[in-house]
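Secondary and tertiary structure notes
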Amino acid sequence: MHIRALRVHEEYPLFLLLLADPSQEIVESYIRRGQCFVAERTSLIVGVYVLIDTRPQTVELVNVKETAMSEQATTTAAQTARATGPGKPAQRRSKGHAEGLMTAHLLGIYERLFTHYGDRRWWPADTPEEVIIGAILVQNVAWKNVETAIARLREKGWLSLCALRETAIEEVEECIVSTLYYRMKARKLQAFAAMVETEFAGDVGLMLALPADELRARLLAVWGVGPETADDIILYAANQPSFVIDAYTRRIFSRLGLTDDKATYDELRAFFMRHLTADVALYNQYHALIDALGHSLCLKKRPRCRECPLRALCRSAEYQEADPRPK
Ligand code: SF4
């Protein structure tokens, strides 16, 4: 079988493999081993886009010699990649291919997760202020710890920024003990409430109506609000598009082979926002689905890959299953 490969993106290890007259079995083995997208099949040639890394199970693909792309292959790829238009410079067109494929791949992951988990109906809150309070309380703890705290605050009638600002800090602490770092979090809640009072005359709606970039900058300037909390508030309280990154996102997408596990928060957020349309409903559901997977199957130690809806796309699946030691 004759194989040629072309690296089509300088940022991602994305190759177009041209497989001359391969059997179905061979094509499927490539699809299993890499993050692959069948680009085109004719009687003579199959074009497969592959994300390749240097893990042992994919090393045979790395050994494929990089060659120039033939005019035929260029045409094939151009027909396949939606983001490409005629007459663009070759390098730009290749980058467009990769960007379009990555978008398609991320949407494919979304579809698999949605089919598996369904509508997550996230964030579970009655008001934007409840979202904000929950976003601060959930820092470094599981959501079930927050539920207890929210229920206690609701019982007391303190589930608003105004009430939290006017309540003695010891009483706030007592309600949110279940969220672990409760002393610190009580101070964060009161600092946030004070900011809304000082800068927006206590009108949280006024704050949430700021354009997303401006709102993000204002939120990040508040003591106790980091990027994840800020993006939770923008997406789930302000209903504006800002992709939320958390530990589950980092773990799952690095295991899938799409992101670097050492990437910064802002790099990961930029990756998703570059490839996914700025759509509040999509970002809302995608983040919730990622959390469902991270919570139920893609566990830190011993992920349950055999039950995972992303198993066929995941380059870590076999590795994780073959080696039962904690990762
Ligand atoms: S196949 Fe395994 S490692 Fe990959 S995303 Fe699923 S649970 Fe995580």
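Please read all numbers here as calculations on a predicted model, not as lab measurements.

Considering the packing of helix α13 (residues 247–256) against helix α15 (residues 280–296)
Any two packed helices are characterised by the angle at which their axes cross and by the distance between the axes. Closest axis-to-axis distance for the α13/α15 pair is 9 Å, and the angle between their directions is 75°. Here α15 runs roughly perpendicular to α13, going by the angle between their axes. Taking contact as the criterion, the partners of Y248, T249, R251 and I252 in α13 are, on α15, I290, D291, L293 and G294. Per-class residue counts for the contact of α13 with α15 are four nonpolar, two polar and two charged.

Digging into the site of the ligand
Among the 14 residues in the neighbourhood of the ligand, the closest are listed as C298, P303, C305, C308 and C314. Elements that contribute at least two residues to the shell around the ligand include exactly α13 and α16 (317–322). The element best represented in the shell around the ligand is α13, accounting for three residues. Classifying every residue of the shell around the ligand gives 10 nonpolar, two polar and two charged.

Structural notes on unusual backbone geometry
It is generally the case that most residues other than glycine have a negative phi and that most peptide bonds are trans. A cis amide bond links W122 with the next residue in sequence, W123, at an omega value of 15°. Within the fold, W123 resides in the loop between α4 (90–117) and α5 (128–137). Even without glycine at this site, R121 takes up a positive phi of about 50°. Relative to the elements of secondary structure, R121 occurs in the loop between α4 and α5. Residues other than glycine seldom take positive phi values, yet N239 does so here, at roughly 55°. As for its placement among the helices and strands, N239 is situated in the loop between α12 (227–237) and α13.

Quick word on the nonpolar core
Grouped together as the largest cluster of nonpolar side chains are 62 residues, with contacts concentrated most on I132, L189, F192 and I233. Looking at this core, you find at least three residues from each of domain 2 (128–237) and domain 3 (247–322).

Concerning helix α6 (residues 143–156)
Between its first and last C-alpha atoms α6 spans 20 Å; for 14 residues at 1.5 Å apiece the expected length is 20 Å, and the two agree. Considering only its buried residues, α6 is in contact with α5 and α8 (169–175). Just downstream of α6, G157 is the residue with a positive phi angle, here 80°.

Criteria and thresholds
- Residues numbered from 1 in each chain as written.
- Predicted model: local features only at pLDDT ≥ 70, side-chain atom pairs only at ≥ 80, totals over all residues.
- Axes fitted to C-alpha atoms, helices over the stretch in contact; angles between N-to-C directions.
- Helix = DSSP H or I, 4+ residues; strand = E, 2+ residues; numbered from the N terminus.
- Parallel < 35°, antiparallel > 145°, perpendicular 65-115°, else oblique.
- Contact = placed C-beta atoms within 7 Å.
- Nonpolar A, V, L, I, M, F, W, Y, C, P; charged D, E, K, R; others polar.
- Near = placed C-beta within 6 Å.
- Core = buried A, V, L, I, M, F, W, Y, C linked by C-beta atoms within 7 Å.
- Buried ≥ 20, exposed ≤ 12 C-beta atoms within 10 Å, placed from the backbone.
- Domains from an automatic or database assignment.
- Expected span 1.5 Å × (residues − 1).

Shape descriptors only; they carry no functional weight alone.
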